[in-house]
Amino acid sequence: MNADARTLAESFDLERLTAEFYLNPYPTYRALREHEPIKRLPNGALFLTRYDDLVTAYKNTKAFSSDKKKEFLPKYGASLLYEHHTTSLVFNDPPIHTRVRRLIMGALSPRAIAEMEGDLIRLVDHLLDGVAAKGKFDLIGDFAAAIPIEVIGNLLGVPHEEREPLRDWSLAILGALEPVIGEAAFARGNTAVQDFLAYLEILVERRRAKPGNPERDVLTRLIQGEADGEKLTAKELLHNCIFLLNAGHETTTNLIGNGLVTLSEHKGEKERLIAHPEMIKTAVEEMLRYESSNQLGNRMTVESIELGGLALPAGTPITLCIGAANRDPAQFLEPERFDIGRTPNRHLAFATGAHQCAGMALARLEGAIAISHFLARFPDYALSGEPVRGGRVRFRGFLSVPCVTNV
Ligand code: HEM
């Protein structure tokens, strides 16, 4: 076992992953954590798997930069994908990051999120009516993916009849963030940014002509900026709207999909949650930890720094493996056990530090309502066929999961 684990760690290459890895990356993550927790990949980047090392990197924005202008140039060239990813707040450092984040956080205030609850419950119950009528259904297409698209569509005030292309655009743009992409994925990503920008220009023009209430309407708030004069440029506005639509979409779909699939594989925990619906909050946290929808993050050192006893020179590309850190026994008791009552549970599914997920309160609310209402309605649901994985290493989830409401 140990020799196998050592070989697994030695041969790990993020750019050459096996089908087995995509199915279950956790034995590899464990082998890396135990044998090469700061693994130098063949392309020179370092791959971190220990919880404490991730926290150190997340918290030190001065040494570990999120700015991707240098790193993405060889990958994307002077393309729209490059313009998009390097303009969104997640891939910038202070002061640009601080300015854009302040505006976005203002639009995602606890009050704004609390006000979404009623609509969210109505949406989930309506989707569950559709599932009940079908009996046999796709957990992702008929349920999990349909929720975030509506929530973010509402957040930015995208009319219902105009939401259809959002999911494909989002999948194409985020798909281009995979460690290796072919020509087709690159072309799809660029076309998606182009179409998305063209659509948002129209939406923004309409909203400028007829502003909404900035207390409730996120797009109006982003257009108008802060009272003290802090405003986004036209380019920042469009690209950060795309980013918001993308950031909250695939990740939340995967939280709901992964959560319900994991429950179906852990019958005892499923029964426990059905008997104790008040445990939904800790259950959602455990789903986020156990099958994190966003498994990887990236940073670049911009000064020489010591990490885990290793001296890193400036200019070292770093991959932070959230999926591995969330199963680190130095932080979590019995980390391979799925325990819906786990406390404390300081997982890194939303990262930590200055870039910690700006939408985590919304994601948690969506996850809790979707999963608790689903379980209350279909306590006997079961998988009825082979689920299809998304085939991504960064975003872990399913494209489709055939299910029945009753076995
Ligand atoms: C389960 C669902 C979600 C997960 C697992 C997730 C995960 C993450 C992670 C790990 C980051 C940090 C990336 C980094 O710095 O390397 C992040 C950032 C971000 N997320 Fe989320 N996210 C989720 C849902 C959402 C939602 C619903 C929204 C908004 C509607 C959102 C908006 C953002 C934004 C704006 C950032 C950038 C924050 C910054 O750079 O300051 N996310 N998310």
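All figures in this text were calculated on a predicted structure; none of them were measured in a lab.

Draft legend 1. Looking closely at the sheet that holds strand S12 (residues 402-404). Read from one edge to the other, the open sheet built from three strands follows the order S4-S12-S9, with strand pairing classed as antiparallel. Only two strands of the sheet have a single neighbouring strand rather than two, namely strand S4 (136-138) and strand S9 (382-383). Looking at chain direction, S9 and S12 are connected through two bridges and run antiparallel. Residue pairing across strands places Ala382 opposite Val404, the latter belonging to S12.

Draft legend 2. The pairing of strand S5 (residues 296-301), seen in detail. Burial analysis of S5 places six of its six residues in the buried class, the great majority of the element. Burial of the side chains of S5 extends over both faces: Leu296, Asn298 and Met300 are buried on one face and Gly297, Arg299 and Thr301 on the other. Taken together, the two bridges between strand S3 (residues 64-65) and S5 define a ladder with antiparallel strand orientation. Counted as the bridge partner of Ser65 is Met300 from S5.

Draft legend 3. View of the nonpolar core. Core analysis: the biggest nonpolar cluster contains 92 residues, and Phe143, Ile147 and Leu263 have the highest contact counts within it. Sorting elements by how many residues they give to this core places helix H20 (residues 360-377) first, with nine residues. In this structure Leu263 touches Glu269, Lys270, Leu273, Met287, Phe338, Ile340, Ile371, Leu375 and Tyr381, once residues within four positions along its chain are discounted. Listed in part, the 19 residues of the second largest apolar core include Leu48, Tyr51, Ile305 and Leu312.

Draft legend 4. Inspection of the packing of helix H13 (residues 183-209) against helix H15 (residues 234-247) at higher detail. Interaxial distance between H13 and H15 falls to 10 Å at its minimum, and their mutual angle equals 110 degrees. By the angle between their axes, H13 is roughly perpendicular relative to H15. Where H13 abuts H15, its residues Val193, Phe196, Leu197, Leu200, Glu201, Val204 and Arg208 lie against Leu237, Leu238, His239, Cys241, Ile242, Leu245 and Asn246. Its residues assigned to classes, the contact of H13 with H15 shows ten nonpolar, two polar and two charged.

Draft legend 5. Structural detail: the packing of aromatic side chains. Under the criterion given, the structure shown has 16 aromatic pairs. Both rings, one in Tyr51 and one in Phe332, keep their centres 5.7 Å apart while their planes meet at 85 degrees; by these two values the pair is edge-to-face. In this pair, Tyr51 sits in helix H4 (residues 51-59) while Phe332 sits in the loop between helix H19 (322-325) and H20, placing the two residues 281 residues apart along the sequence. For Phe332, a relative accessible area of 3% puts it in the buried group. When the ring centre of Tyr381 is taken as reference, the NZ or CZ atom of Lys270 above it lies at 4.5 Å. If you follow Arg327 out to its NZ or CZ, it ends over the ring of Tyr290, 4.0 Å from the centre.

Draft legend 6. Main features of the pattern of salt bridges. Overall, the coordinates contain 25 salt bridges when judged by the stated rule. Between Arg30 and Glu34 there is a salt bridge whose closest N-O contact spans 3.1 Å. Within this pair, Arg30 and its partner Glu34 are both found in helix H3 (residues 26-35), separated by four residues, close to a single helical turn. Here Arg30 falls in the partly exposed class, since its relative accessible area comes to 37%. Classification of Glu34 as partly exposed rests on a relative accessible area of 44%. Note that Glu285 and Arg364 form a salt bridge whose closest N and O atoms lie 2.8 Å from each other. One end of the pair, Glu285, is in helix H18 (residues 280-290); the other, Arg364, is in helix H20, and 79 residues separate them in sequence. When its relative accessible area of 16% is taken as the criterion, Glu285 is described as buried. A relative accessible area of 30% means that Arg364 is categorised as partly exposed. Within this structure, Glu269, Arg272, Glu334, Arg337 and Asp339 form a network of salt bridges that share partners.

Calculation rules
- Residues numbered from 1 in each chain as written.
- Predicted model: local features only at pLDDT ≥ 70, side-chain atom pairs only at ≥ 80, totals over all residues.
- Heavy atoms only, no water.
- Pairing = 2+ DSSP bridges.
- Helix = DSSP H or I, 4+ residues; strand = E, 2+ residues; numbered from the N terminus.
- Buried < 20%, exposed > 50% of the residue type's maximum accessible area, 1.4 Å probe, protein only.
- Core = buried A, V, L, I, M, F, W, Y, C linked by side-chain atoms within 4.5 Å.
- Contact = heavy atoms within 4.5 Å.
- Axes fitted to C-alpha atoms, helices over the stretch in contact; angles between N-to-C directions.
- Parallel < 35°, antiparallel > 145°, perpendicular 65-115°, else oblique.
- Nonpolar A, V, L, I, M, F, W, Y, C, P; charged D, E, K, R; others polar.
- Phe/Tyr/Trp six-rings, centres within 6.5 Å; stacked < 30°, edge-to-face > 60°.
- Lys NZ or Arg CZ within 6 Å of the ring centre and 35° of its normal.
- Salt bridge = Lys/Arg side-chain N within 4 Å of Asp/Glu carboxyl O.

Purely geometric stuff here, so don't read any function into it on its own.
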